[in-house]
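Examining the three-dimensional arrangement
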Amino acid sequence: MGAQLPVALAIDAAAAGLTALAVAPLIAAFDEAITRSASGDKLWVALGERLGSIVTRPVAFLRSTSFLWMWIVYAATYGTANSLKSIEAALHVKLGFVATLLVTLVNMSCGIAKDAAYAKMFGAKDAKDGGSRTPALAFVIWFVRDLVAFTFILTLPPLITARLGVAEELAKFATPVVAQYFTTPLHLLGFNMCNMPGATIGRQLAAIQPGFFSTVAARQLRIIPPYSIGGVLNGRLLSSAPLLLGLAKK
């Protein structure tokens, strides 16, 4: 297996890239709409417009910066997870928490960079015209948001399964959904810091209230592609690729 590691890593990267290509359009449409709603647009109207553009102008959409940013986030995330599994198999080691930490750090760093880019592309007009940098505190807020999210995603499912007897699959599906009630305020606050430079924290927090539950619902729908569709597709691509290539990858 060690001699086949470069081939395995190439398969891992290809599977990650194809999976990201499949899920990134929907996620990008949701994230763009949510970012635009934070600067005053109507959330569901913005989402409908962007989803429509995927159908009517697919090439332009796939070449858009917003899509490319989202593709990078998930290609890097899936690619890191896939590669670490291949390295474990090749070296006969178990990375355990280290692998989880690395995947989390890659996802968080790419995701936060994407949020900063989205804030500049789709933020309030005054903020964009001013060309101001993303406030450092916004990065901190988004970092805390991701810590809360991954606490729900990684820590709570086994606890819920053990203590409440809930099926592990159900717990893994439910915790990211519930997490949105806690992470959405942080997500929006980071964008408000970009859209409302100089405003007090109180004003920035107050701006979250209108449309809060609509944004939570949108973010709950947004997590389905990466955690459900993406996970299944990535796994099937990894399992079928060796058969197609005639490789004995374990």
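Thresholds applied
- Residues numbered from 1 in each chain as written.
- Predicted model: local features only at pLDDT ≥ 70, side-chain atom pairs only at ≥ 80, totals over all residues.
- Heavy atoms only, no water.
- Axes fitted to C-alpha atoms, helices over the stretch in contact; angles between N-to-C directions.
- Helix = DSSP H or I, 4+ residues; strand = E, 2+ residues; numbered from the N terminus.
- Parallel < 35°, antiparallel > 145°, perpendicular 65-115°, else oblique.
- Left-handed = near helix turned anticlockwise from the far one by under 90°.
- Contact = heavy atoms within 4.5 Å.
- UniProt positions renumbered as here; feature names shortened; annotations may be inferred.
- Patch = residues over 30% accessible without salt bridge, like charges linked within 9 Å, V, L, I, M, F, W, Y side chains within 5 Å.
- Areas by Shrake-Rupley, 256 points an atom, 1.4 Å probe, with all protein chains shown as cover.
- Salt bridge = Lys/Arg side-chain N within 4 Å of Asp/Glu carboxyl O.
- Buried < 20%, exposed > 50% of the residue type's maximum accessible area, 1.4 Å probe, protein only.

Considering the packing of helix 5 (residues 97–122) against helix 7 (residues 136–164)
At a minimum axis distance of 10 Å, the contact between helix 5 and helix 7 shows a crossing angle of 140°. It follows from the interaxial angle that helix 5 and helix 7 lie oblique. For the pair helix 5 and helix 7, the sense of crossing is right-handed. Counted together, Thr100, Thr104, Asn107, Met108, Ile112, Asp115, Ala116 and Ala119 of helix 5 and Phe139, Trp142, Phe143, Arg145, Asp146, Leu147, Phe150 and Leu154 of helix 7 form the full contact between these two elements.

Some remarks on unusual backbone geometry
In this structure, His92 takes a positive phi of about 55° despite not being glycine. Here His92 lies in the loop between helix 4 (65–91) and helix 5.

A closer look at the UniProt feature "transmembrane region" (unreviewed entry) in the protein chain
Residues annotated in UniProt with the feature "transmembrane region" (unreviewed entry) correspond here to residues 6–30, 60–81, 93–113 and 134–154. In residues 6–30, the share of helix is 100% and the share of strand is 0%. The end C-alpha atoms are 36 Å apart.

Considerations on a nonpolar patch on the surface
A grouping of Leu137, Val140, Phe143, Val144, Leu147, Ile201 and Leu205 is seen on the molecular surface, where their side chains present a nonpolar patch of about 570 Å² in accessible area. Elements supplying a minimum of two residues to the nonpolar patch: helix 7 and helix 9 (201–206). Residue contributions to the nonpolar patch peak at five residues, all from helix 7. Looking at the element boundaries, Ile201 is found in helix 9. Looking at Ile201, the relative accessible area reads 40%, which means it is partly exposed.

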